[in-house]
Amino acid sequence: AAQPLPANPVFYTSHPLRRPSLDFYSGYPVIPIEQSRIERQWRKEPSAVMLITTEDMAQLKLNRVEYLGQVEDWLLIRRKSR
């Protein structure tokens, strides 16, 4: 079973533009991030939640991935806790 989100999760997306509707419906700011920075942010920020494409996922080397959901080619993931 998926663990609850931390108190103040940080959401990132590989979508290049700010999407106010994502902020509204998630209840959190969703920060655009370049694909080249996703791996670094994944290691640096354990509470990060990523909304990335399946294409991004295939190209990235992310460890301890927990899949929270998928819609079409978009994945919502976070790091599994130890």
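Up top you'll find the structure we're talking about.
Conventions adopted
Counting starts from 1 at the beginning of each chain's written sequence and moves along it residue by residue. Local features are withheld for residues below a pLDDT of 70 in this predicted model, meaning they are given only at 70 or higher, and side-chain atom pairs are given and counted only at 80 or more; totals for whole chains, interfaces and linings count all residues. Only hydrogens and water are removed before side-chain values are computed, so all heavy atoms of the structure are retained for them. Only DSSP runs of H or I reaching four residues or more are called helices, and only runs of E reaching two or more are called strands; each is numbered from the N terminus. Under the scheme applied here, a residue whose accessible area is under 20% of the maximum for its type counts as buried, over 50% as exposed, and between as partly exposed, the area being computed with a 1.4 Å probe on protein chains only. We treat Lys and Arg as the positive residues and Asp and Glu as the negative residues; His and chain ends play no part in the count. One speaks of a salt bridge when a side-chain nitrogen belonging to Lys or Arg is within 4 Å of a carboxyl oxygen belonging to Asp or Glu. Should any heavy atoms of two residues lie within 4.5 Å, those residues are considered in contact. Patches in this entry comprise residues that are over 30% relatively accessible and not in a salt bridge; like charges within 9 Å are linked, as are nonpolar side chains (Val, Leu, Ile, Met, Phe, Trp, Tyr) within 5 Å. In these tables, accessible area is a Shrake-Rupley quantity obtained with a 1.4 Å probe, and a residue counts as shielded only by the protein chains included in the view. Note that the charge is assigned to NZ on lysines, CZ on arginines, CG on aspartates and CD on glutamates. Throughout, nonpolar core names a set of buried Ala, Val, Leu, Ile, Met, Phe, Trp, Tyr and Cys residues whose side chains join them through atoms within 4.5 Å. One requirement defines pairing of two strands: DSSP has to find at least two bridges between them. Arc definition: directions from the helix axis to the C-beta atoms.

The next subject is the side chain of D56. As for its placement among the helices and strands, D56 is situated in helix α3 (residues 54-59). For the buried D56, no salt bridge is present, and the opposite-charge side chain at shortest range is R19, 12 Å distant. What D56 contacts, discounting residues up to four positions off in sequence, is S14 and Q35.

Next up on the list: a positive patch on the surface. Together, R37, R40, R43 and K44 line one region of the surface with positive charge. Tracing the backbone through its elements, the reader meets R37 in helix α2 (residues 35-44).

To continue, consider the nonpolar core. Core analysis: the largest hydrophobic core is formed by 13 residues, its most contacted members being I38, M50, I52, M57, L62 and I77. Contributions of two or more residues to this core are made by α2, β3 (48-53) and β5 (74-79). The element best represented in this core is β3, accounting for three residues. If sequence neighbours within four positions are ignored, I77 has contacts with W42, A48, V49, M50, I52, M57, L62, V65, E66, Y67 and L68.

Moving on: the pairing of strand β4 (residues 65-71). Direction of pairing for β4 relative to β5: antiparallel, over a ladder of six bridges. The partner of V71 across the bridge, within β5, is W74. Linking β4 back to β5 in an antiparallel pair, the connection comprises two residues, with E72 at a positive phi of about 50°.

A separate point is α2. Taken together, the buried positions of α2 are I38, Q41 and W42. Looking down the long axis of α2, one finds its buried residues gathered within 105° of arc, a one-sided arrangement. Across from the buried face of α2, at angles greater than 90 degrees, the exposed residues are S36, R43 and K44. Here the buried face of α2 lies against β1 (10-13), β3, β4 and β5.

All told, the structure shown has two salt bridges when counted by the stated rule. One salt bridge in this structure joins D23 and R18, with 3.3 Å as the shortest N-O distance. Between R78 and E66 there is a salt bridge, and its shortest N-O distance comes to 3.1 Å. Remark: E66 occurs in strand β4 and R78 occurs in strand β5; sequence separation between them is 12 residues. By relative accessible area, which is 11% here, E66 ends up buried.

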